[in-house]
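What the coordinates show
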Amino acid sequence: MTRNEGLLRLKTIGSTALHIVRQIETSSPRSSQEPEIRQLAINLKDELQKEYERTLPERAQKSMTLFELTVYSPTIEEVWKETGMSKLKVDGPINRKWNETFEAVAYKAAKYVL
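Residues numbered from 1 in each chain as written. Predicted model: local features only at pLDDT ≥ 70, side-chain atom pairs only at ≥ 80, totals over all residues. Heavy atoms only, no water.

1. Some points on the nonpolar core
Operational definition: Here, nonpolar core refers to any group of buried Ala, Val, Leu, Ile, Met, Phe, Trp, Tyr and Cys residues whose side-chain atoms link them within 4.5 Å. Under the scheme applied here, a residue whose accessible area is under 20% of the maximum for its type counts as buried, over 50% as exposed, and between as partly exposed, the area being computed with a 1.4 Å probe on protein chains only. Strands here are runs of E lasting at least two residues and helices are runs of H or I lasting at least four, both read from the DSSP assignment and numbered beginning at the N terminus.
In this structure, Leu44, Leu48, Met85, Phe102 and Val105 are the most contacted members of the largest nonpolar core, which totals 26 residues. Elements with a contribution of two residues or more to this core: helix H1 (3–26), helix H2 (34–55), helix H4 (66–82) and helix H5 (96–110). Of the residues forming this core, the biggest block, seven residues, is contributed by H1.

Quick look at the structure:
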């Protein structure tokens with residue numbers, strides 16, 4: 001993965017998380033937007049989990065670029081573990097916990113994009 005590809009992926013992750021936060025903040029409970037919000041959350045969680053699992057094994061790290069080893073992989077790990085994303089129940093109620101989680105994802109994914 002090149003530096004630009006990695007930055008684009010992190011930017012996309014951050015943008016998706018921010019979009020979810022905005023959708024949560026502007027929709028009322030049990031709104032018609034709930035299925036869309038939930039699907040975006042499911043997709044983002046799946047993507048993050050796959051990237052975390054892909055970049056975790058030492059054998060995979062041997063073939064990574066310097067950017068992937070020093071920026072991309074640690075950022076994905078941070079986003080997956082420290083934001084609460086790995087424990088978020090995407091089939092549960094959309095509440096304040098969701099908002100906090102996706103705000104943290106957006107922040108951590110954007111740290112290196114600027």
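2. Concerning the side chain of Thr55
So the rule is basically this: Polar contacts, as used here, are pairs of N or O atoms within 3.5 Å; protein pairs need one atom able to donate a hydrogen and one able to accept it. Residues neighboring in sequence count only if both atoms are side-chain atoms. Note on contacts: a residue pair qualifies if any of its non-hydrogen atoms lie within 4.5 Å across the two residues.
By the secondary structure assignment, Thr55 is in helix H2. A distance of 2.9 Å separates a polar atom in the side chain of Thr55 from the backbone oxygen of Glu51. Separated by 3.4 Å, the side chain of Thr55 and the backbone oxygen of Tyr52 make a polar contact. Leaving out residues up to four positions away in the same chain, Thr55 has contacts with Gln61, Met64, Tyr72 and Ser73.

3. Comments concerning H4
Heads up, the condition is: Expected helix span is given by 1.5 Å per residue-to-residue step, counting one fewer step than there are residues.
Helix length check: H4 (17 residues) gives 23 Å between terminal C-alpha atoms against 24 Å at 1.5 Å per residue, within 8%. Of all the positions in H4, only Phe67, Glu68, Val71, Tyr72, Ser73, Thr75, Ile76, Glu78, Val79 and Trp80 are classed as buried. Buried residues belonging to H4 abut H1, H2, helix H3 (58–61) and H5. Positive backbone phi, approximately 90°, marks Gly84, located one or two places after H4.

4. Examining the packing of H2 against H5
Heads up, the rule is: All axes are obtained by fitting lines to C-alpha atoms, using only the stretch in contact for helices, and the reported angles, taken between N-to-C directions, cover 0 to 180 degrees. Each angle is binned into one of four classes, with values under 35 degrees roughly parallel, values over 145 roughly antiparallel, values of 65 to 115 roughly perpendicular, and all other values oblique. A clockwise turn of the near helix away from the far one marks a right-handed crossing, whereas an anticlockwise turn of less than a right angle marks a left-handed crossing. Ten residue types, Ala, Val, Leu, Ile, Met, Phe, Trp, Tyr, Cys and Pro, are classed as nonpolar, four, Asp, Glu, Lys and Arg, as charged, and the remainder, Gly among them, as polar.
The geometry of H2 relative to H5 is characterised by a closest axis approach of 13 Å and an angle of 45° between their N-to-C directions. Relative to H5, the element H2 lies oblique. In the crossing of H2 with H5, the sense of the turn from one axis to the other is left-handed. For the pair H2 and H5, the contacting residues are Ile37, Arg38, Ala41, Leu44 and Leu48 in the first and Trp98, Phe102 and Val105 in the second. When its residues are assigned to classes, the contact of H2 with H5 shows seven nonpolar, no polar and one charged.

5. Quick notes on the packing of aromatic side chains
Heads up, the rule is: Pairs were defined over the aromatic rings of Phe, Tyr and Trp, the Trp ring being its six-membered one, requiring ring centres within 6.5 Å. Orientation was assigned from the angle between planes: stacked under 30 degrees, edge-to-face over 60, tilted for the rest.
Tallied over the entire structure, the rule returns two aromatic pairs. An angle of 25° between the planes, with centres 6.3 Å apart, marks the rings of Tyr52 and Trp80 as stacked. With Tyr52 in helix H2 and Trp80 in helix H4, this pair connects stretches of sequence that are 28 residues apart. We note that Tyr52, like Trp80, is buried.

Any functional reading would require information beyond the geometric quantities listed.
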